[in-house]
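A structural walkthrough
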Amino acid sequence: MQRPQEAAHELPTIMPLASSIGSPRFIFGRRAADPREAAVDDSPISIRAYADRDFDDLVARWHETNRVSYPYVEERLGHTLEDARAFFRAQIVPACSVWIAERGENLVGLIAVESPWIRQLSVFPEHQRRGIGTALLQKARECSPAELRLFTFRRNDKARAFYEKHGFYVVALGASPAPEFEPDVEYRWVA
Ligand SMILES: CC(C)(COP(=O)(O)OP(=O)(O)OC[C@H]1O[C@@H](n2cnc3c(N)ncnc32)[C@H](O)[C@@H]1OP(=O)(O)O)[C@@H](O)C(=O)NCCC(=O)NCCS
């Protein structure tokens, strides 16, 4: 996701810090439906604005999630944690409204919105498919109530299923900027 100006997907930009959005913190929880999930922490998730203290842990988890989520994008595999830190500090924090999902003391995901663009959405692997992406998307809708847009890789089946479930439709097919040239897809949602 991300793009106009950067490697489409997980690299983006713009707008004052999330805390200025002033959206109230909200909490939700979802019970494990499958007994095999009983050992998984199912305590409530809270969504709050990004704070500077989150930076080290958050960027490390986001970077690792990107690495395991897009193994087919060779260019991305060359990105180091330092690259990710520099990108997040220079491109995401100053430009986007950034929201964090937390479970207890643990960061479990983030969304970065440069209205109407979702620049980053990441739920860390062990917390996926438990409603956290949906909660983060709801926060994006609060930030940009009329419209949301994003890029994702065409091969990102999980994300495409996720967005389509939430009413996004395909606007265009293209490719992420050089040097990646990974086929991508632009999605849009309108209220
Ligand atoms: C895409 C992503 C944000 C979804 O977040 P999530 O917390 O797992 O999603 P939710 O639990 O809120 O929603 C689950 C829905 O998403 C879709 N989905 C999520 N994972 C899926 C998978 N592995 N296979 C098929 N559909 C999937 C389904 O529609 C699912 O609904 P269902 O469980 O009723 O079938 C998350 O998988 C993620 O961060 N992936 C890695 C990074 C990434 O691809 N980010 C998006 C970049 S554009």
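Residues numbered from 1 in each chain as written. Predicted model: local features only at pLDDT ≥ 70, side-chain atom pairs only at ≥ 80, totals over all residues.

**Notes on the nonpolar core**
Counting residues in each nonpolar core, the largest one holds 41 residues, and the members touching the most others are W99, A101, L110, I111, I118, L136 and A140. In this structure, L136 is in contact with I47, W99, A101, G109, I111 and L121, ignoring residues within four places of it in sequence. (Core = buried A, V, L, I, M, F, W, Y, C linked by C-beta atoms within 7 Å. Buried ≥ 20, exposed ≤ 12 C-beta atoms within 10 Å, placed from the backbone. Contact = placed C-beta atoms within 7 Å.)

**Regarding the site of the ligand**
Around the ligand, the surrounding shell holds 22 residues, and the nearest of these are Q128, G133, T134, T152 and F162. Within the residue set of the shell around the ligand, elements represented by two or more residues are helix 1 (55–69), strand 5 (117–123), helix 4 (132–143), strand 6 (147–153) and helix 5 (157–165). A total of 5 residues in the shell around the ligand trace back to one element, the largest contributor, which is helix 5. (Near = placed C-beta within 6 Å. Helix = DSSP H or I, 4+ residues; strand = E, 2+ residues; numbered from the N terminus.)

**Things to note about the packing of helix 1 against helix 3 (residues 81–92)**
Helix 3 packs onto helix 1 with a crossing angle of 120° between their chain directions and a minimal axis gap of 9 Å. The angle between helix 1 and helix 3 places the two elements in the oblique class. The chirality of how helix 1 crosses helix 3 is right-handed. In contact with V59, A60, W62 and H63 of helix 1, helix 3 contributes L81, A84, R85 and F88. Across the contact of helix 1 with helix 3, the residue classes break down as 6 nonpolar, 1 polar and 1 charged. (Axes fitted to C-alpha atoms, helices over the stretch in contact; angles between N-to-C directions. Parallel < 35°, antiparallel > 145°, perpendicular 65-115°, else oblique. Left-handed = near helix turned anticlockwise from the far one by under 90°. Nonpolar A, V, L, I, M, F, W, Y, C, P; charged D, E, K, R; others polar.)

**A short note on unusual backbone geometry**
Cis peptide bonds are those with omega within 30 degrees of zero, and the linkage from S115 to P116 qualifies with 5°. Assignment of secondary structure puts P116 in the loop between strand 4 (106–114) and strand 5. Residues A178 and P179 are joined by a peptide bond in cis, for which omega reads 5°. Tracing the backbone shows P179 in the loop between strand 7 (169–175) and strand 8 (183–190). A positive phi angle is found at R129, which is not glycine, with a value near 60°. Secondary-structure assignment places R129 in the loop between strand 5 and helix 4. Here R129 falls in the exposed class, since 10 other C-beta atoms lie within 10 Å of it. Backbone geometry at F181 places phi at a positive 55°, although glycine is not the residue there. Inspection of the secondary structure puts F181 in the loop between strand 7 and strand 8.

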